[in-house]
Amino acid sequence: MATAVMTSLDTKSRSASRGMSDIRIRNLFIIPTILFLIVFNIFPLIYSLGYSFTDFRASSNAPANFVGLQNYRALLNDPFIWLNFAITAKYVIISVTGQVIVGFGTAMLLNRDIPLKGLLTTLLLLPMMLSMAVVGLFWKLLYDPSFGIINYTFGLGSFEWLSNPDMALYAVAITDIWMWSPFVMLLSLAGLSAVPKHLYEAAAIDRAGPFYTFFRITLPLVAPILMIAIIFRTMEAFKTFDLAYILTSQPTTEVISIRLYKMAFQEWQTGRSCALAYIVLIMVLAITNIYVKYLNKVKER
Amino acid sequence: MAAVQTRSERALNRIAIAAVLVITLIFLAPIYWITATAFKPRNLATTIPPTVLFEPEISPFVKLFTKRSQLREAPAPEEYAAAPWWERMVFDGGEKIVRSGRGEVQPSGYPNRFMNSLIVAITSTVLAVGMGTFTAYGFSRFRVKGEADLLFFILSTRMLPPVVVAIPMFLMYRVVGLNDTHWGLIILYTAFNLSFSVWLMKGFIDEIPKEYEEAALVDGYTRMQAFFKIVIPEAATGIAATAVFCFITAWNEYAFALIMTNRRAQTAPPFIPSQVGSGLPDWTVIAAGTFLFLLPVAIFTFLLRNHLLRGMSFGAIRK
């Protein structure tokens, strides 16, 4: 695939007569990367596609037997897998909604004449740069029912967060909202600062109320960039593994990535986990496709 | 904002400032708590009410770097007196530092994991940014058939869930013996960051006027010389920003490291949580390890602050 693309010639180049031709340079610059990604990203996926039709177990020496579509059929008929998807969907909705409310709200507040705006913005962005796994771990102490500062600060007594099956998913989502609202805020700020000032002035002259101004001017103009943030966060929340895996081991927080990890590396159902990986992969590619289409649309403007 | 502000607008502004301050404090509270706990004696880490004011000490860091065992009885006075100040801190906490037969202090698992993190993150960053810059230049300056599709292909490799990629990689690494090696992780992180690096660098190179190189070509430079002597220096800021982003991603990565390494090449992210095993964990030591691990990223975030928007959106949104 890579070489077929590289055959169009750029003969009019001035430097074609000296040194390496442009075509050779272009191929030298692009092909290694494409090959690298094919070998380390595409080839493994082909490899696992093969295994997804077998009953292979990486923990045993037994050879893999071809079982056709049985893995896929079993997975799609397994109510527990659907439960994992439902948990994932619930998590995505809670966490992305929270991030949009907190992130966009903070951006609206920051989009004013505020002293030390630059410093405050940078400080607010800090959580999203940190390691989810390492910082997530520390939230275990913050959530601790007896000496966590969250219960102490909000006067919740010895409220159980992580060991309560009904609460654990919310606790993970709250940590995720803490980490990633800054991302929504960052993108929203970019969108808000791009709204032309004269629109607001015109609205003020027309005595438009704050709600009218927000819904008719601010929101429509920020919507595309906010949409990018939402799709991107949806994609990431759908793939989430680190936080939920580290914070709790409740069955109610077993999102699809954790199920996949357990199936592959704890139960060693290698063949079946490859099939599940493919089901997840197709879903992620669908969301990615939407994301990239949207990116290109926004870029064109 | 209009030059003339009404009284209600000024009041509104004041409310907004107060709200922003409160939000910032809430957002920074967990990070402050990590930092504070890293400098607390163990008995103050888990108190009710939480200890806010205390005399900071560095015993958590001494404990972080050394292997310790529980003291069954208080150390002999002469042993205590002969010990250096940092060892006494450990004695005071009811533990003692494990020494080898020749009296050398035994290190904990942490320094080793920290070094692994450095090796893996730095090497993979150099590879991803190096290859990414070349490829980005290729896409930026030459006509490539199916460019949009190829760029989408490059991006989509980054979007795959780590566990999905990890299953076949684990099986392949097992065959070639790359499990639990630095190179195994370096290759994975390079592949992961390469797409990001191409997208971001393409944005930076697109902004360098083509005329610069064309003038150089007229002056007798070859395309290669023009690339190294004109494009690379012009793109230096972009290269630095991309490198920092790649470093942070590799530094923070957890899932691949958890699956692909267990002892020799283990990085800090899977190691730090593994310390919270059974029983009562010593949160001061975990906080100290977390603090040291987060420090480089916090510094980089400040250095990067003007490029964060571009980096977090794959270069799609520029300012």
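Residues numbered from 1 in each chain as written. Chains lettered and ligands numbered in written order. Predicted model: local features only at pLDDT ≥ 70, side-chain atom pairs only at ≥ 80, totals over all residues. Heavy atoms only, no water.

1. A closer look at the domain arrangement of chain B
Residue and element names in this part refer to chain B.
- Under the domain assignment used here, chain B contains domain 1 (7-38), domain 2 (58-97) and domain 3 (110-312).
- Spacing between the C-alpha centres of domain 2 and domain 3 amounts to 40 Å.
- Contacts between the two partners involve 6 residues from domain 2 and, on the opposite side, 9 residues from domain 3.
- Taking both sides of the interface into account, the surface hidden between domain 2 and domain 3 amounts to around 680 Å²; carbon and sulfur atoms contribute 79%.
- Taken as a group, F61, L64 and F65 account for 68% of the area that domain 2 buries against domain 3, more than any other trio of residues on that side.
- Along the contact surface separating domain 2 from domain 3 lie 1 salt bridge.
- Between D282 and K63 there is a salt bridge; the shortest N-O distance is 3.1 Å.
- Taken together, domain 2 and domain 3 are joined by 1 residue pair in polar contact (both at pLDDT 80 or more).
- When residues in the side of domain 2 that touches domain 3 are grouped by element, the largest group, 5 residues, is from helix α3 (residues 59-65).
- Class assignment for the residues of the side of domain 2 that touches domain 3 results in 4 nonpolar, no polar and 2 charged. (Domains from an automatic or database assignment. Contact = heavy atoms within 4.5 Å. Buried area = accessible area lost by both parts, 1.4 Å probe. Salt bridge = Lys/Arg side-chain N within 4 Å of Asp/Glu carboxyl O. Polar contact = N/O pair within 3.5 Å; in protein donor to acceptor, adjacent residues only side chain to side chain. Helix = DSSP H or I, 4+ residues; strand = E, 2+ residues; numbered from the N terminus. Nonpolar A, V, L, I, M, F, W, Y, C, P; charged D, E, K, R; others polar.)

2. As for the packing of aromatic side chains
- Scanning all chains against the criterion turns up 45 aromatic pairs over all chains.
- Ring geometry for W251(B) versus F293(B): centroids 4.8 Å apart, planes at 10 degrees, classification stacked. Taken together, the residues W251(B) in helix α12 (residues 236-252) and F293(B) in helix α15 (residues 283-304) connect sequence positions 42 residues apart. As far as the burial class goes, W251(B) and F293(B) line up, both buried.
- Pairwise contacts between aromatic rings join F241(A), Y245(A), Y261(A), F265(A), W268(A), F170(B) and Y254(B) into one cluster.
- Its guanidinium or amino end placed over the ring of F183(A), R233(A) lies 6.0 Å from that ring's centre, counting from NZ or CZ.
- One Lys or Arg, R310(B), reaches over the ring of F204(B) and ends 3.9 Å from the middle of that ring. (Phe/Tyr/Trp six-rings, centres within 6.5 Å; stacked < 30°, edge-to-face > 60°. Buried < 20%, exposed > 50% of the residue type's maximum accessible area, 1.4 Å probe, protein only. Lys NZ or Arg CZ within 6 Å of the ring centre and 35° of its normal.)

3. Digging into the UniProt feature "transmembrane region" (unreviewed entry) in chain A
- Sites flagged by UniProt as "transmembrane region" (unreviewed entry) map to residues 28-47, 81-107, 119-139, 167-192, 213-232 and 275-292 of chain A.
- Between the C-alpha atoms that bound residues 119-139 of chain A the distance is 25 Å, and the span itself is 90% helix and 0% strand. (UniProt positions renumbered as here; feature names shortened; annotations may be inferred.)

4. Thoughts on the packing of helix α2 (residues 22-51) of chain A against helix α8 (residues 162-176) of chain B
- Close contact between α2(A) and α8(B) brings their axes to 9 Å; oriented N to C, the two are set at 90 degrees. Compared by their axis directions, α2(A) and α8(B) come out roughly perpendicular. Across the interface between the two elements, F40(A), N41(A), F43(A), P44(A), L45(A), Y47(A), S48(A) and Y51(A) of α2(A) pack against V164(B), V165(B), P168(B), M169(B), L171(B), M172(B) and V175(B) of α8(B).
- By residue class, the composition of the contact of α2(A) with α8(B) is 13 nonpolar, 2 polar and no charged. (Axes fitted to C-alpha atoms, helices over the stretch in contact; angles between N-to-C directions. Parallel < 35°, antiparallel > 145°, perpendicular 65-115°, else oblique.)

5. A look at the nonpolar core
- Core analysis: the largest hydrophobic core is formed by 190 residues, its most contacted members being M129(A), Y291(A), M260(B) and I272(B).
- Residue assignment places this core across two domains, with domain 1 (7-38) and domain 3 (110-312) of chain B each supplying three or more.
- Residues within four places of Y291(A) in sequence aside, it is in contact with I228(A), I231(A), F232(A), M235(A), M159(B), S313(B) and F314(B). (Core = buried A, V, L, I, M, F, W, Y, C linked by side-chain atoms within 4.5 Å.)

6. Some remarks on the environment of K40(B)
All names here are of chain B.
- Mapping K40 onto the fold places it in the loop between α1 (7-38) and α2 (42-45).
- Along the sequence, K40 and V52 sit 12 residues apart, while their C-alpha atoms lie 9.9 Å from each other.
- Dropping the residues within four chain positions of it, K40 is found in contact with W33, A45, T51, F54, E57, P60 and T284.

7. Details of α12(B)
- Look at α12(B): 24 Å from first C-alpha to last across 17 residues, which is about the 24 Å you get at 1.5 Å a residue.
- Looking only at α12(B), the buried set comprises G238(B), A241(B), T242(B), V244(B), F245(B), C246(B), F247(B), I248(B), A250(B), W251(B) and N252(B).
- Those residues of α12(B) hidden inside the fold are in contact with α5 (117-129) of chain A together with α6 (110-141), α9 (182-206), α14 (268-274), α15 and α16 (308-312) of chain B. (Expected span 1.5 Å × (residues − 1).)

8. Some words on the interface of chain B and chain A
- Tallying the contact residues gives 104 residues for chain B and 106 residues for chain A.
- A combined buried area of about 9600 Å² lies between chain B and chain A, and 82% of that area is made up of carbon and sulfur atoms.
- Looking at the side of chain B facing chain A, the largest losses of area belong to F27(B), M159(B) and M312(B), adding up to 7% of the total buried there.
- At the surface where chain B touches chain A, the tally comes to 1 salt bridge.
- With its nearest N and O atoms 3.0 Å apart, the salt bridge here joins R223(B) to D22(A).
- Here the side of chain B that touches chain A gets 17 residues from one element, more than from any other, and that element is α1(B).
- Taken together, the residues of the side of chain B that touches chain A break down into 78 nonpolar, 17 polar and 9 charged.

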